[in-house]
Each structure stands twice: as C-alpha cells, then as structure tokens.
Amino acid sequence: MVLGDNGFVSMAASNKYISAEVFSMAKKAKMIIDKAYKVSEVDKRIYGSFIEHLGRAVYDGLYQPGNPLSDEDGFRKDVMEMVKELDVPIIRYPGGNFVSSFVWEDSVGPVDQRPARLELAWRSLEKNEIGVNEFAKWTDKVNSEMMMAVNLGTRGIADACNLLEYCNHPGGTKYSDMRISHGVKDPHKIKVWCLGNEMDGTWQLGHKTMDEYGRLAEETGRAMKLIDPSIELVSCGSSNLDMPTFPKWEATTLECTYDVADYVSMHQYYGNEANDTADFLAKSDDMDLFIRSVIATCDYVKAKKRGKKNINISFDEWNVWFHSRDVEFDTTQNHPWQVAPPILEDIYTYEDALLVGLMLITLMKHADRVKIACLAQLVNVIAPVMTDQNGGPAWRQTIFYPFMHASQYGRGVVIQPVIDTPVHDTAQHENVTDLESVTVWNEEKEEVTIFAVNRNLDEDLELTTDVRSFEGYQILEHIVMENSDMKVCNSSGGELVYPKSNGESKLDGGNIHSLLHKASWNVIRLGKK
C-alpha cells in the first residue's frame, strides 16, 4: 500500500481514508463472493412484520384519532412514513396469542355497534374500533399486504372458512355480501393465512396436543382451499427451539398438514438476561441451528409422505425481547382489563441492533427455504417504531436501521460467501466467528450489497473480499453503525445510534479492503460503472 503525505491510504471510490497503522494491527479475514455461488432469489416477504392487538401497537400506535399527526381515518401519518421507510411487504395480523380468542365478526361492521370484549391473552379490554377492514386499509396506505391468522384455539373450521369468505370472495354469498354491506366492495384477496398461533404452547388459549392440532389444521386447511385454492397456508410449528416437543411437533403435525400447507411457522426471541454481550451476539448461531433443524424435519416428512413439494418456512415471529417482561407481568396480573396498556415496550440498545442485524443475515442465508419472515412487532410493542404515550411524534429505535438496510438493499439473489475468519468462544458458544456476512446481488439494478457484522467486541477486523466475479463494479458506499456503549438507546429526544456512510473500504485489483470496526454493523454497496 502507498501512503499519502498524511500517512493514510486513499480510498478513491468513496473519498474515505484508512489508517495504515490501524489496518496493519487489525485481525484479518478473507471472503470470496462469486456469481456462481447462488443460494436463491430472496422472497421480499422475508422483510415482513407483525401487528397484534396487544399493548399500544394498534391503539395509540398506528391508530390515534384526534391527534394532529393523524389522517382522516385516524392513522398516524408519521408512523406510516417510517413503516414506508422500512418497505415492509407483508404484515401478519391480528396475532399472536390474541388470535386464539379472536371473534372476527366483532371487528367488522359499524364501529359504534361493535362490542367491547375481555381480551384473555393479554388481559386487556379490546374496543374493536380497528378490525379486519380498517387494518386492510392501513396496509394499503403503507404499501403492504395482510397476512391473516385464524383462530384455531377457541374456534375452528367453520369460523375460519367464514372469515376467508368475508375477506376473499367477490360477492353473492352470506359473508361476502356482509363485507359489501360494510362498505368494502372489492375483496381483500389475502394470500397468506396462518392456521392458528403457537398451538404447542400451554399459555395458548385452546392449546392442542400435536395430534389434535395436526388433524384440526389439516381439515381447516382443506376446507379453506376449497373456498379459495389460490391461498397459501402456514402450519404452526414449535413456539421456540427450547420447546420440549421440538422437533417431534413438526414431524407429527406436518404428516397431517403436508398436503394442504405451504409453510411451517418458526418463532424465536432472544434476550441478554445474563448481561453477557459476547454470548448474546452468538445467539444468531442458535437461530441458524433452529432453521437447519426445521428444514431437516420438513424434508423427513416429505420423504415419508413420498411428496414432491418442499414445505418452506414462515419465520413469522422473531426479534429481541426481554427488557419489558417485568412490566408485562405486573400489568397483566395486577392491573388487568385496561385499554391498550403500555406493555412489551422494549427500549432497544445498540447491542440489540447488532443481534437484529445478525438475525437478518441468518434469514438471508436461508433464502432457499425461508420465504416469509415477520419482525415482531412493528409499532410500540417490541418494535422498531415507537410513539410517545403523550401523543408526541414517532421515533426510530436502534433496531430500525439494520432492518431498513436489509429491506432496502437485500432484494435480489443471495450469494453464499466463502469466509475465512478468526473465531472466539463465549460462555455458552464455541467457535463463534468474528465475521458474519452474506451478499445479495440485484442483477436488475446492477448492485451488490455485502452485509457484515464484526461481532468481536475488542478488535477491529481487516476484511479482504475477492469480488473479481463482479468485474466493472465499484464501491458506492460503506454504511456503518457502531457505538462504544453497548447499552446506549435512542429516544424521542434524539437518536444516539444511527448509520453513517463513513465506512473504510477500498477496491483494488478485484479485491475490496475493508476495516470493520469492533462490534459494528456494515453495509458495503457496489454498483456497475
């Protein structure tokens, strides 16, 4: 390398500089990305999210009539703009645990005639001011689609079929004409339907054994596809990796639902209760293992059934969630039956944003089988977007940015990188890679995006990436998010964690030389000249 007069190596592509001294002292990693190493086209729905009738997600979150920040329908305009920034293509609704006692008929028709109900999952009072049709209108406003869940906890086949008829049938039948009488002439044409939620969990209303759920889901799915053969169905998988019935639950239920289901669901949340950042950032490895185990189980069922189709994955609940559990317990147990109480309002730290980035990389790596994923949730409840309880403006949490980057730049074909990286051990994990990375090639836009996290907390990483396969490409920008304080948070008062386009990368002779600072999120974007 040739030093300039100031002792720094010039980066012509981005007009940035890398300190030669720092560069030489950093640990080293190598990566090859090649057009031949294609994994799969990314299904844009892996950048989906989730809104449940829970806490302030709906009321005081996306819907706040009377607020000067809201539109003529009572929807928060500032929230909608932030959701549009995230470019969320599909949003799961209305739960979650909520769905297992959901009476959908109460959520449609004239608002002043809708009953209030005791909501048993979160022990709140549900006003039913927002229901199926209002949420469909909101998803249209944020350029998204609904992913509907049906109640297989306290209800069953007939109610699921009636809801599908109400939402998707053009007219001339009892429930489609009911929709039309409610002022919604055109059907919603909801494509993806979840056959219940977390039915393996004892906390779930109407909890089922695996045999009970498998039969109910099979018969419900068969009936629903008679009404609308174009829909896609999600069979309930295990609620998390640590469930005592995993993976027997998948193996048993999918034997029943294989012919009618297109996806099996996965749910997983992580926390840092031990206050061990290094081990916390290694938990994306557990997510990878979970995905691989579910894929293996799906393929076992496919072989046993002599089937021809793959059951793909809808990872329709994932996030960091642990900060607010004490408040949740106190509210639901000691102060029940409130309208939209402030529960599950995790305020996310910088280290949480790093793990969210690592989880996104993991999802992209499995783009061949993970076709839908939903960050849980979207507004106020374990969410990237928050609103103040006093009606103040919306603001972005730390986790907003890695999700935004993945959604904006992670569209195209996943390229499996070949990586040589240092490793380290943590309290509960061995051989944790310093570098976690994946590449997405958008051939139409002639762009390549490298997503990379240096999860070493103490040392920078010098990364050399062989990009000779992408001749004629140059560095557009190197986005970095970093902070010396792992516990720092954003708030309505200002953002202390946000990305900057000041990353240190240089393209030289078909190789990119990048300095990935310790504990940093990096997005290196290339484009054709």
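See the structure shown above.
Residues numbered from 1 in each chain as written. Predicted model: local features only at pLDDT ≥ 70, side-chain atom pairs only at ≥ 80, totals over all residues. Heavy atoms only, no water.

*Asks:* How should the overall build of the chain be read in this particular structure?
*Replies:* Secondary structure summary: the chain contains 12 helices and 27 strands in total. For the chain, the C-alpha atoms occupy an extent of roughly 80 × 60 × 45 Å along the three principal directions. Per-residue burial for the chain yields a buried fraction of 61% across its 529 residues. Counted over contacts in the chain with a minimum sequence separation of 6, partners at least 24 positions apart contribute 76%. Counting 54 positive and 79 negative side-chain charges, the chain places the centres of these two groups 6 Å from one another. (Helix = DSSP H or I, 4+ residues; strand = E, 2+ residues; numbered from the N terminus. Buried < 20%, exposed > 50% of the residue type's maximum accessible area, 1.4 Å probe, protein only. Contact = heavy atoms within 4.5 Å. Lys, Arg positive; Asp, Glu negative; His and termini not counted. Charge placed at Lys NZ, Arg CZ, Asp CG, Glu CD.)

*Asks:* Got a minute to help me understand the state of the cysteines in this structure?
*Replies:* Working definition: the covalent bond between the sulfur atoms of two cysteines is a disulfide. Enumeration according to the criterion identifies zero disulfides in this entry. There is no disulfide at Cys 161, and the cysteine sulfur nearest it, in Cys 167, is 12 Å away. (Disulfide = S-S within 2.5 Å.)

*Asks:* How should helix α6 (residues 210-227) be read in this particular structure?
*Replies:* Every α-helix winds through 3.6 residues per turn, so residues three or four apart in the chain are directed the same way. End to end, α6 covers 26 Å across 18 residues, agreeing with the expected 26 Å (1.5 Å per residue, within 8%). Every buried residue belonging to α6 is among Met 210, Tyr 213, Gly 214, Leu 216, Ala 217, Glu 218, Thr 220, Gly 221, Ala 223 and Met 224, and all of these are buried. If you follow the buried residues of α6, they end up packed against β9 (145-150), α4 (157-168), β10 (192-195), β11 (232-235) and α7 (248-257). (Expected span 1.5 Å × (residues − 1).)

*Asks:* Looking at this model, I keep getting lost on the sheet that holds strand β22 (residues 447-454). Mind explaining?
*Replies:* Within a beta sheet, neighbouring strands are joined by backbone hydrogen bonds and run either parallel or antiparallel to one another. If you walk across this open sheet you meet the six strands as β4-β17-β21-β22-β27-β24, and the pairing is antiparallel. Because the sheet does not close on itself, it has two edges, and the strands there are β4 (38-41) and β24 (473-481). Across the sheet, the mean angle from the axis of one strand to that of its neighbour is 20°, orientation sign disregarded. As paired strands, β22 and strand β27 (residues 520-528) are joined by eight bridges and run antiparallel to one another. Following the sheet pairing, Glu 447 is matched in β27 by Gly 527. Against the sheet, helix α11 (residues 350-365) engages β4, β17 (413-415), β21 (435-442), β22, β24 and β27, with an angle of about 55° to β21. (Pairing = 2+ DSSP bridges. Axes fitted to C-alpha atoms, helices over the stretch in contact; angles between N-to-C directions.)

*Asks:* Explain the sheet that holds strand β25 (residues 504-508) here, please?
*Replies:* Overall, mixed pairing links the five strands, which are arranged β18-β3-β23-β26-β25 in an open sheet. In this open sheet, the two edge strands, each paired with only one partner strand, are β18 (418-420) and β25. Neighbour-to-neighbour, the strand axes of this sheet turn through a mean angle of 15°, independent of strand direction. In the sheet, β25 pairs with strand β26 (residues 511-516) via five bridges, with the strands oriented antiparallel. Within the sheet, the bridge partner assigned to Asp 508 lies in β26 and is Asn 511.

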